[in-house]
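# Architecture and fold: a report
One letter stands for each residue in the lines below.
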Amino acid sequence: MASVALSEAEKVYIVHGVQEDLRVDGRGCEDYRYVEVETDVVSNTSGSARVKLGHTDILVGVKAEMGTPKLEKPNEGYLEFFVDCSANATPEFEGRGGDDLGTEIANTLYRIFNNKSSVDLQSLCISPREHCWILYVDVLLLECGGNLFDTICIAVKAALFNTRIPRVRVLEDEEGSKDIELSDDPYDCIRLSVDNVPCIVTLCKIGYRHVVDATLQEEACSLASLLVSVTSTGVVTCMRKVGKGSLDPESIFEMMETGKRVGKVLHASLQSVLHKEESLGPKRQKVGFLG
Amino acid sequence: MAGLELLSDQGYRVDGRRAGELRKIQARMGVFAQADGSAYIEQGNTKALAVVYGPHEIRGSRARALPDRALVNCQYSSATFSTGERKRRPHGDRKSCEMGLQLRQTFEAAILTQLHPRSQIDIYVQVLQADGGTYAACVNAATLAVLDAGIPMRDFVCACSAGFVDNTALADLSHVEEAAGGPQLALALLPASGQIALLEMDARLHEDHLEQVLEAAARAARDVHTLLDRVVRQHVREASILLGD
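On a predicted model such as this, the values are computed, not experimentally measured, just so you know.

## Concerning helix α1 (residues 94-110) of chain B
Residues and elements named next belong to chain B. Along its 17 residues, α1 runs 25 Å from first to last C-alpha, staying within 8% of the 24 Å computed at 1.5 Å per residue. Looking only at α1, the buried set comprises S96, M99, G100, Q102, L103, T106, F107 and A110. Seen end-on, α1 carries its buried residues on one side only, within an arc spanning 165°. Turned more than 90 degrees off the buried face of α1, the exposed positions are R94 and L101. Of the surrounding secondary structure, the elements contacted by the buried residues of α1 are β4 (71-78), β5 (119-129), α2 (134-149), β8 (184-190) and β9 (195-202).

What follows is the structure, given as C-alpha cells:
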C-alpha cells in the first residue's frame, strides 16, 4: 500500500491531536472526510460508480453476464469481485505489485457479502440449475489516500444501486427445450435492492483513542485497526482486525460501538445522495473525471 | 463491405460523422494530486486516464539505468469492465504489453530524455472505456500528463487512427469501424515539425492509397493538437489565477 514516511515528531503531533479529539485536518475522531459519489460514469457497464474520499479515488464497474448457477446453490445467481490496484495509484503497484492487496480486498468483499440478507441472490436466477446472472463487480483503485476499505464499500454499494439487469423470460416449447428471450424494451430491467448491503467502517487505533476515516498519515501512526461491516440498521455482519499491532478486548467493543453508530449515519447519507441523484434522471449533467 | 454500411452514399459514417471528422474530445489536466502529472481524456466514448511519476531515481535494479538519458517506463492497462465483453486481466496480456512498448517508443521520441540521465520516468495509462482508438486516446492523455508533470518535451505528441473504406480515408475510427476489419493505421505525430513518432498499420492496403490515409491521419492529429493546446492553455491560466500571479 502507498505509504508515507513520517518523522517521530510528526507522529507525536498526530497522536496528541487525536487524544484531544482534533485531527490534523480539523476533523473530530468520528468525522468522515467529504465524500463525492457519482453513479453511471462508464456507459458500457450494467452499473458503475466513482467515489472520491479525500485523495482516495475508486471506480467500480458492474457487469452482468449470464452463466450457470453454482452446484450447491442451484437457484441463486452470484457475485464475483475483482480488485485491480492499478499503477495509477502508486508506482509500487506496477506489474504484479498490487496483486496481493487486490486479493486481500476482494476476499474481504466476498466475506461481507457472504450472507443471505445482503443481496437478494435468488432474483438473479433465470432458470434453476441452468442459467443465472453473474454480477462481476470490478473495483479499480485510481488513487489511494487512506481508508481504502470504506471507500471501496461505498463505491460497490453505489454501483450495485445503479446496476440495471435486463429482464429475460424463459420460454419452453412442447419438446421441453428452453429458450431465453431478452426483453425488447431497454428500460425493462431488474434493479437490486441495496438496503441491506453493508458498508465497512474502519476504526484506526491511535494512541488511546480510535478514529474513523484515517488519512495515510494517520494510518502510519496506527498499529492496528478494526474493520467492522455494518448494515443500515446497525447490524454487524463481519469484523476483522488488520495491522501489525494488537488490540485489547475492551477497546474492540468500544470500537464496535463507534462503528455501528458511524455506520448508520454513513448509510443514511449515502442513501439520500443516491436517491437524490436518481431523482434527477437522465437530465443529470455527468461530471465524471472532467469536473 | 458486407453487412454494415460504414460510409453512406451521402458521405456520412455510422455515427453521423464526415470522413475526416473527429469525435468530440474533452480533456482535463491535473486529475490527481498525488501523482507528478495526470490527465484524463474522452474521445467520443473512449475514456483514458494517464498518470506520470518522475523523473525519479531508478526503481528496482540499478543495472537498468542509462548513463546518458532517462529511462521511459510505460504500462498500459485497460479496466476489466472497459470492453463490451468483460476482460479477465487488466494488464499483462499480449496486447497490453505491446501497447506499453508502443507508448514507450512514442514518448522516447518526444521527451528530452538526455536532460535526466540515470533517472526514470513512469507513464501509466488506464483505459476506462474502450470504443475504438484506444492507442490514440492513451497517447493524447499521456502527452497532457507529461506536460502536467513539467517534463521537457520536444513537442506535443498527438495521435489519431485512420482507416480506409470505399476509396475514402476515415479519421478517428470508432469501435464499430475497427471491428469491420478494414485496414487501420495508427499515427503519432509531433505536429510542429511534422515528424512521425509512431506509425503502425495492420491489414493490407494498396500502396497508392497509403498517402491518402496517412494524410487523413496527420490532418486529424493536427486537429487533436489544436484541441490539446487549448486544454493546456486553459489549465495554465486557471493554475496561475489560483497561484495569484
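Moving on from the coordinates now.
## Here's the deal with the nonpolar core
Ranked by internal contacts, the top residues of the largest apolar core, which has 64 residues, are V60(A), L109(A), F113(A), L135(A), L141(A), V156(A) and L160(A). Considering each element in turn, this core owes the most residues, 11 residues, to helix α3 (residues 148-162) of chain A. Apart from the residues lying within four places of it in its own chain, the contact partners of F113(A) are L79(A), F81(A), S118(A), V119(A), V156(A), L160(A) and V197(A). One finds A70(B), V139(B), A221(B) and L228(B) within the second-largest nonpolar core, a separate group that totals 61 residues.

## Notes on the packing of aromatic side chains
Residues and elements named next belong to chain A. Tallied over the entire structure, the rule returns 4 aromatic pairs over all chains. Look at F81 and Y110: their rings are 5.3 Å apart centre to centre, the planes differ by 90°, and that puts the pair in the edge-to-face class. In this pair, F81 is assigned in strand β4 (residues 78-85) and Y110 in helix α2 (residues 99-113), connecting sequence segments 29 residues apart. The class for F81 is buried, based on a relative accessible area of 7%. An aromatic cluster of at least three residues, connected via ring pairs, comprises F81, Y110 and F113. For R191, the ring lying beneath its charged end belongs to F161, and the centroid distance is 5.2 Å.

## Side note on the UniProt feature "domain: Exoribonuclease phosphorolytic" (unreviewed entry) in chain A
Residues and elements named next belong to chain A. The feature "domain: Exoribonuclease phosphorolytic" (unreviewed entry), as annotated in UniProt, sits at residues 32-166 and 196-261 in this numbering. In the segment residues 32-166, helix accounts for 22% and strand for 38%; the C-alpha atoms at its two ends are 36 Å apart. What you have in residues 196-261 is 29% helix and 41% strand, and the ends, taken at the C-alpha atoms, are 16 Å apart.

## Topic: a negative patch on the surface
Residues and elements named next belong to chain A. Negative charge collects at one region of the surface, where E172, D173, E174, E175 and D179 lie side by side. Structurally, E174 is set in the loop between β8 (168-172) and β9 (178-182). For E174, a relative accessible area of 78% gives the class exposed.

## Remarks on α2(B)
Residues and elements named next belong to chain B. The terminal C-alpha atoms of α2 lie 22 Å apart, and with 16 residues this matches the ideal 22 Å at 1.5 Å per residue to within 8%. Extensive coverage of α2 is indicated by the burial of 13 of its 16 residues. Looking one or two places after α2, you find G150, whose phi comes out positive at around 75°.

The rules behind each value
Residues numbered from 1 in each chain as written. Chains lettered and ligands numbered in written order. Predicted model: local features only at pLDDT ≥ 70, side-chain atom pairs only at ≥ 80, totals over all residues. Heavy atoms only, no water. Helix = DSSP H or I, 4+ residues; strand = E, 2+ residues; numbered from the N terminus. Expected span 1.5 Å × (residues − 1). Buried < 20%, exposed > 50% of the residue type's maximum accessible area, 1.4 Å probe, protein only. Arc of directions from axis to C-beta. Contact = heavy atoms within 4.5 Å. Core = buried A, V, L, I, M, F, W, Y, C linked by side-chain atoms within 4.5 Å. Phe/Tyr/Trp six-rings, centres within 6.5 Å; stacked < 30°, edge-to-face > 60°. Lys NZ or Arg CZ within 6 Å of the ring centre and 35° of its normal. UniProt positions renumbered as here; feature names shortened; annotations may be inferred. Patch = residues over 30% accessible without salt bridge, like charges linked within 9 Å, V, L, I, M, F, W, Y side chains within 5 Å. Areas by Shrake-Rupley, 256 points an atom, 1.4 Å probe, with all protein chains shown as cover. Salt bridge = Lys/Arg side-chain N within 4 Å of Asp/Glu carboxyl O. Lys, Arg positive; Asp, Glu negative; His and termini not counted. Charge placed at Lys NZ, Arg CZ, Asp CG, Glu CD.

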